[in-house]
Amino acid sequence: MKWESLLHYMVGPGKEAATRPEPGWKPAKELKKQLLRQNRNGECLMQEMSVTLPEITKAGFHFLLRPLRAQVWQVLMDMVYFEQVEGSNADDILKACSSSASAPPAQATLDNLSSKQQKFVQELNAYGIVYFRPEAPRKFYPTHLIVNLCSDADTRSDLVKEEEGAEEVNEGRCVIVETNYRVYAYTTSVLQEEVLRLFSQVMYKFPNMIISVITRASVRNALIKGITAAQIIEYLQVHAHPQCMLKWPIVPEVVTDQINFWEKERARIVPQPAVVYHDFYSTEAFKLAEGEAHNPTKMGASEDPLPECLYSDATDNCVVVNEAGHEHMKKFIEANIQA
């Protein structure tokens, strides 16, 4: 349950510890540090905010979409990378991984490891990859998270359980999306609920079902956090209910098209540093400046970047060029246009 609590923390760091899949679980200081550090791909799973609590990043949401075994493998590789950055020997750390996964119970003890290996194994315990029994704090046992790395099965976490006696939905597939943008999630998982809250507005919550709606505001909130429209759609497809897998498209096109439209809507205006030239003393002076902005000429041995005309209007008597071309335009106006 530590692993599920970790994922729950990533999507809802401000939630009470009592609401975690493992009630009372809190991330260790070292674990928080690793979530905020750049991994071997130069990405952070969470980002530090100046005022509020840390928030999940685009890379973090992509991490949530990955199969369980791929998630664990990524965490292990990042942990090895962090140890290398701090000067540890990679072979030494990999031996600790091997011991955690396959050592016989009699040998799975901290007494057989070096100090750095002991520290590494204790970090694995924070993730729930290994387990220490309270009555034997020096002995550790591998959990299914690391054992599955050595198997062929590509299992996923968060198998969704219905009411007592009901069947489990395969691989956490519990989401139904309707053409009216409503999302029905047949789940009791607090993690699934928090993920849905990232891009939809929860309307009703029942013991084994959550009803939410995808709105422009909810999608924009997700986009602001770095989550992309493609990731939202992929999440809905990956977690679609088995009944939805029998039809195509899995998620209604009207919903996917609208989510993509809301993303493109934010990119209609792109800010760009620029310089405005206006109040030319004559039409001829304006035309000279406009012509130079559209078709700049090299000025002697000057290495100033050439301007790029972003906008011009004869009625308003103004020319707008990119900021990089300001020095070139300034020299041209001083040399060719007399006030």
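Structure: above.
Anyway, here's the lowdown on the structure attached to this text. As the structure is a computational prediction, the values presented were derived from the model and not from experiment. Residue numbers run consecutively from 1 along every chain, following the written order of its sequence. Predicted model: local features are reported for residues with pLDDT of at least 70 only, side-chain atom pairs are reported and counted for 80 or more only, and whole-chain, interface and lining totals are derived from all residues. Side-chain measures here rest on the full set of heavy atoms in the structure, leaving out hydrogens and waters.

## Quick word on the overall build of the protein
Put simply, DSSP marks the helices as runs of H or I at least four residues long and the strands as runs of E at least two long, and each gets a number from the N terminus on. From N to C terminus, the protein includes 13 helices and 11 strands. Relative accessibility decides the category of a residue: with a 1.4 Å probe and only protein chains considered, values under 20% of the type maximum give buried, values over 50% give exposed, and everything between is partly exposed. Within the protein, the fraction of its 339 residues that count as buried is 45%. Only the protein chains shown count as covering a residue, and every accessible area follows the Shrake-Rupley method with a 1.4 Å probe. Counting only carbon and sulfur atoms, one obtains 51% of the accessible surface of the protein, whose full area is about 18300 Å².

## Comments concerning unusual backbone geometry
Omega for the bond connecting Trp-248 with Pro-249 falls within 30 degrees of zero, at 0°, which places this linkage in the cis form. Tracing the sequence through the fold places Pro-249 in the loop between helix H10 (229–238) and helix H11 (253–265). Unlike most non-glycine residues, Tyr-181 shows phi in positive territory, near 75°. Relative to the helices and strands, Tyr-181 resides in the loop between strand S5 (175–177) and strand S6 (182–185). Notably, Asn-317 is not glycine yet its phi reads approximately 60°, a positive angle. With respect to the secondary-structure elements, Asn-317 resides in the loop between strand S10 (309–313) and strand S11 (318–322).

## Some thoughts on helix H13 (residues 326–336)
Every buried residue belonging to H13 is among His-328, Met-329, Phe-332 and Ile-333, and all of these are buried. Viewed end-on, H13 has its buried residues packed into an arc of 130°, placing them on one side of the element. Seen from the open side of H13, the exposed residues pointing more than 90 degrees away from its buried face are Glu-334 and Ala-335. Where H13 is buried, its residues meet strand S9 (274–278), helix H12 (283–294) and S11. Arc definition: it is the arc formed by the directions from the helix axis to the C-beta atoms. Residue contacts are defined here by distance: any two heavy atoms, one from each residue, within 4.5 Å place the two residues in contact.

## Structural notes on the sheet that holds S10
Between any two strands, at least two bridges found by DSSP are needed for them to pair. With antiparallel pairing, 3 strands are arranged side by side in an open sheet as S9-S11-S10. The open sheet is flanked by S9 and S10, the only strands paired with a single partner. Direction aside, neighbouring strands of the sheet carry axes that sit 10° apart on average. By the bridge criterion, 4 bridges tie S10 to S11 in an arrangement that is antiparallel. If you follow Ser-312 over to S11, its bridge partner there is Val-319. The angle between two axes is taken between their N-to-C directions and runs from 0 to 180 degrees, where each axis is a line fitted to C-alpha atoms and a helix contributes only its stretch in contact. Against the sheet, H13 makes contact with S9 and S11, and its axis sits at roughly 20° relative to S9, the strand it touches most.

## Side note on helix H4 (residues 68–85)
Quick reminder: α-helices carry 3.6 residues per turn. Residues three or four places apart thus point the same way. In this model, H4 (18 residues) spans 26 Å end to end at C-alpha, consistent with the 26 Å of a helix rising 1.5 Å per residue. Within H4 the residues assigned to the buried category are Leu-68, Ala-70, Gln-71, Val-72, Gln-74, Val-75, Leu-76, Asp-78, Met-79, Val-80, Phe-82 and Glu-83. Gly-87 lies just past H4 and shows a positive phi near 95°. Every helix has an expected span of 1.5 Å times one less than the residues it contains.

## Observations concerning the side chain of Thr-256
Following the sequence through the fold, Thr-256 ends up in helix H11. Discounting residues that sit within four places of it in the chain, Thr-256 has contacts with Ile-233 and Val-251.

## Side note on the pairing of strand S8 (residues 209–213)
Looking along a regular strand, one sees the side chains alternate between the two faces of the sheet. Among the 5 residues that make up S8, 5 are buried, leaving the element largely enclosed by the rest of the structure. Alternating positions in S8 separate into two faces, Met-209, Ile-211 and Val-213 on one and Ile-210 and Ser-212 on the other, with burial throughout. Pairing of S6 with S8, which is carried by 4 bridges, proceeds in the antiparallel orientation. If you follow Ala-185 over to S8, its bridge partner there is Ile-210. Linking strand S7 (residues 201–206) to S8, which pair antiparallel, is a turn of 2 residues.

## Examining the packing of helix H1 (residues 2–11) against helix H3 (residues 58–65)
The interhelical angle for the contact between H1 and H3, taken along N-to-C directions, is 145°, at an axis separation of 11 Å. Here the hand of the crossing between H1 and H3 comes out left-handed. Contact with H1, carried on its side by Trp-3, Leu-7, Met-10 and Val-11, involves Gly-60, Phe-63 and Leu-64 of H3 and no other residues of that element. Polar here means any residue outside two lists: the nonpolar Ala, Val, Leu, Ile, Met, Phe, Trp, Tyr, Cys and Pro, and the charged Asp, Glu, Lys and Arg; Gly therefore counts as polar. Looking at the contact of H1 with H3, its residues break down into 6 nonpolar, 1 polar and no charged. Crossing handedness follows the turn of the near helix against the far one: under a right angle anticlockwise gives a left-handed crossing, and clockwise gives a right-handed one.

## Here we look at the packing of aromatic side chains
Side-chain rings of Phe, Tyr and Trp (the six-membered ring for Trp) are treated as a pair once their centres are within 6.5 Å; stacked means planes under 30 degrees apart, edge-to-face means over 60, and tilted covers the remaining angles. What the rule picks out here adds up to 10 aromatic pairs. Geometrically, the ring pair formed by Tyr-9 and Trp-25 is edge-to-face, given 6.5 Å between the ring centres and 65° between the ring planes. With Tyr-9 in helix H1 and Trp-25 in the loop between H1 and helix H2 (29–36), this residue pair connects regions lying 16 residues apart in the sequence. Using a relative accessible area of 6% as the deciding quantity, one classes Tyr-9 as buried. Here Phe-199 and Tyr-235 contribute two aromatic rings whose centre-to-centre distance is 5.8 Å and whose plane-to-plane angle is 70°, an arrangement assigned as edge-to-face. Linking Phe-199 in helix H8 (residues 190–199) with Tyr-235 in helix H10, this pair joins segments that are 36 residues apart in sequence. The exposure classification of Phe-199 matches that of Tyr-235, with both residues buried. Ring-pair connections join several aromatic residues into one group, and the members of that group are Trp-3, Phe-63 and Tyr-127.

## Focus on the sheet that holds S5
Strands sit in the order S5-S6-S8-S7 across an open sheet of 4 strands; the sheet is antiparallel. Across the chains shown, the open sheet's two edge strands, defined by having one partner strand only, are S5 and S7. For this sheet the average axis-to-axis angle between neighbouring strands, irrespective of direction, equals 20°. Of the strand pairs in this sheet, S5 and S6 are connected by 3 bridges, and their pairing is antiparallel. By the bridge assignment for S6, Val-175 is matched with Ala-185.

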